[in-house]
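Okay, here's what each chain looks like letter by letter:
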2 protein chains.
Amino acid sequence: MKRSSMENEVCAVARSLDVIGDWWTLLIVRDALAGLRRFGEFQRSLGAAKNILTTRLRALVAQGILETAPASDGSAYQEYRLTAKGRALVPVLVALGQWSNEHVFLPEQERILPVDRAQRLPIQPLQVVAADGRRLAPEEVHFDAPQRPPAGLS
Amino acid sequence: MKRSSMENEVCAVARSLDVIGDWWTLLIVRDALAGLRRFGEFQRSLGAAKNILTTRLRALVAQGILETAPASDGSAYQEYRLTAKGRALVPVLVALGQWSNEHVFLPEQERILPVDRAQRLPIQPLQVVAADGRRLAPEEVHFDAPQRPPAGLS
DNA sequence: CCGTATCCATTCCGATACTG
DNA sequence: CAGTATCGGAATGGATACGG
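Structural notes, computed from the coordinates.

With that settled, the discussion passes to empty space enclosed by the protein. Considering all chains together, one arrives at one cavity of 30 Å³ or more under this definition. Considering the residues around the largest cavity, the lining is formed by 14 residues, among which L17, G21 and L26 of chain A together with L17 and L26 of chain B are closest to the centre. Of all the secondary structure elements, the ones that give two or more residues to the lining of the largest cavity are α1 (12–20) and α6 (90–103) of chain A together with α1 (12–20) and α6 (90–103) of chain B.

And the structure:
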């Protein structure tokens, strides 16, 4: 399957993976959420080569997940900031973090989790709630064309 | 950065991406959630070459996300079923689907979303809730070592 | 400090052919 | 049907050197 023929993909999961399914992308978003803005900050944090960081940042800007602005320190360079679309990825990051916390880490391993910034306490487990308010178990979730309203609230 | 040196990674997001960050993996989980179990079913659904599918299925079994069982139709082959660990990925899939629904699809494009199986209505937007019950905006979420309880509820 | 431009190694993936 | 074996091309990533 081609990584580039997904603009017509109908599955919302596949579609999102086409945009952010790359290894670095969500880590950049995570760092941006943590307040990193400068090229060098991302590079140090990620340990990625500069050329691939450049590519990823460009792609994220092209997708509207990051936006550039003149650097606030007066230097001639850019800052990279999350857009609303980028911030909307937070539930994805939280879901990933919670999953590995419960199912991947060994009990005594140190870990960095999604936490509430104010209290530094872990976020409550994300709950999947149906349109009528029922909490759904995993088996009750399907991927399908919805009955009526595609857009609006997801 | 190496895809294989992440067993000691402390960031929960990175850790999960190391396990499921590959393009095919979450699509297989999505299909398994939809009820697909047989090799050929996955192959037709994904359009992936058989050798690739073999590799991915093996990796998922090794990670404990899928498990094999003798085929229920009496044939000599295997079935692949989600484990509890695999079903726990549903919030990740829902988060991805909701994000692309709101931020990637064009308004009039058809789409397949996470829906409640009973009603075929979209799932409510996932909410990020702090330990004390406050709903958190994206900016209020950080990734950090938690104050005290790492395991247990995420 | 912020990128860009090359180069090279590796990985990945699709197609195909083959086996039980 | 359910895989395994092999091959070649493409994309990716890392290292490094270079330029504004």
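Still to come is the rest of the account.
With that settled, consider the packing of aromatic side chains. Per the counting criterion, the structure on display carries two aromatic pairs over all chains. Ring centres of W23 of chain B and W24 of chain B lie 5.2 Å apart, and the angle between their planes is 80°; on these two criteria the pair is classed as edge-to-face. One exposure class covers both W23 of chain B and W24 of chain B, and it is buried. When the ring centre of F105 of chain B is taken as reference, the NZ or CZ atom of R15 of chain A above it lies at 4.4 Å.

Another aspect to go through is the nonpolar core. Within soluble globular proteins, side chains that are nonpolar tend to cluster in buried spots. If you look at the biggest cluster of nonpolar residues, it comprises 84 residues, and the most contacted ones within it are F42, I65 and V141 of chain A together with I65 and V141 of chain B. In contact with F42 of chain A, not counting residues within four places along its chain, are I28, D31, A32, L36, R37, G47, L53, L57 and Y80 of chain A.

Of the transformation superimposing chain A on chain B, the axial component is 0.0 Å and the angular component is 180°, with the fit at an RMSD of 0.1 Å. Such a turn and shift between the copies fits a two-fold axis. Ranked by how close their C-alpha atoms come to the rotation axis, the residues of chain A are headed by V92 of chain A, at 3.0 Å. Interface residue correspondence from chain A to chain B reaches 100%, placing this contact among same-surface, isologous pairings.

All right, on to the environment of F42 of chain A then. Counting through the fold element by element, F42 of chain A comes out in helix α3 (residues 39–46). Separated by 16 residues in the primary sequence, F42 of chain A and L26 of chain A place their C-alpha atoms 12 Å from one another.

It is worth spelling out the interface of chain A and chain B at this point. Contact residues are listed per partner, giving 87 residues for chain A and 88 residues for chain B. Between chain A and chain B, the buried area comes to about 9100 Å², and carbon and sulfur atoms account for 65% of it. Seen at the junction of chain A and chain B, the total is six salt bridges. Among the salt bridges present, the one from D116 of chain B reaches R134 of chain A, with a minimum N-O distance of 3.3 Å. For the interface between chain A and chain B, the tally reads 37 residue pairs in polar contact (both at pLDDT 80 or more). Sorting the residues of the side of chain A that touches chain B by element identifies α1, α2 (25–33), α5 (84–87), α6, β3 (113–116) and β4 (141–144) of chain A as the ones contributing at least two each.

Parameters and conventions
- Numbers given for residues are sequential positions, taken from 1 along each chain in its written order.
- For this description, chains carry letters from A and ligands carry numbers from 1, given in the order in which they are written.
- Predicted model: local features are reported for residues with pLDDT of at least 70 only, side-chain atom pairs are reported and counted for 80 or more only, and whole-chain, interface and lining totals are derived from all residues.
- Side-chain measures were taken over the full set of non-hydrogen atoms in the model, leaving aside hydrogen atoms and water.
- Cavities and pockets were defined on a 1 Å grid built over protein atoms only: a cavity is a set of grid points that admits a 1.4 Å probe from which the probe cannot escape, a pocket is an open set flanked by protein on both sides within 12 Å along at least five of seven lines, and lining residues are those with an atom within 4 Å of any such point.
- Grid points are joined across faces, edges and corners, and a volume is the space filled by probe spheres set on the points.
- Note on conventions: DSSP H or I runs of at least 4 residues are helices, E runs of at least 2 residues are strands, and numbering of each starts at the N terminus.
- Two rings belonging to Phe, Tyr or Trp (six-membered ring only in the last case) form a pair when the distance between their centres is within 6.5 Å. Interplanar angles under 30 degrees mark stacking, angles over 60 mark edge-to-face geometry, and anything in between is tilted.
- Working definition: with a 1.4 Å probe on protein chains only, accessible area under 20% of the residue-type maximum means buried, over 50% means exposed, and in between means partly exposed.
- Consider the ring centre and the ring normal. A charge sits over the ring if Lys NZ or Arg CZ is within 6 Å of that centre and within 35 degrees of that normal.
- Each nonpolar core is a collection of buried residues, namely Ala, Val, Leu, Ile, Met, Phe, Trp, Tyr and Cys, held together in the definition by side-chain atoms within 4.5 Å.
- By definition in these notes, contact holds between two residues if any of their heavy atoms fall within 4.5 Å.
- A least-squares superposition brings the copies together, and it is based on the C-alpha atoms of residues with pLDDT no lower than 70 in both.
- Accessible surface is computed with a 1.4 Å probe, and the buried area is the amount of it that two parts give up when combined, taken over both parts together.
- One side-chain nitrogen of Lys or Arg within 4 Å of one carboxyl oxygen of Asp or Glu is enough to make a salt bridge.
- Two N or O atoms form a polar contact when they lie within 3.5 Å of each other; inside protein one atom must be a possible hydrogen donor and the other a possible acceptor, and for residues adjacent in sequence the pair counts only when both atoms belong to side chains.

Everything listed is a geometric property; what it means functionally is a separate question.
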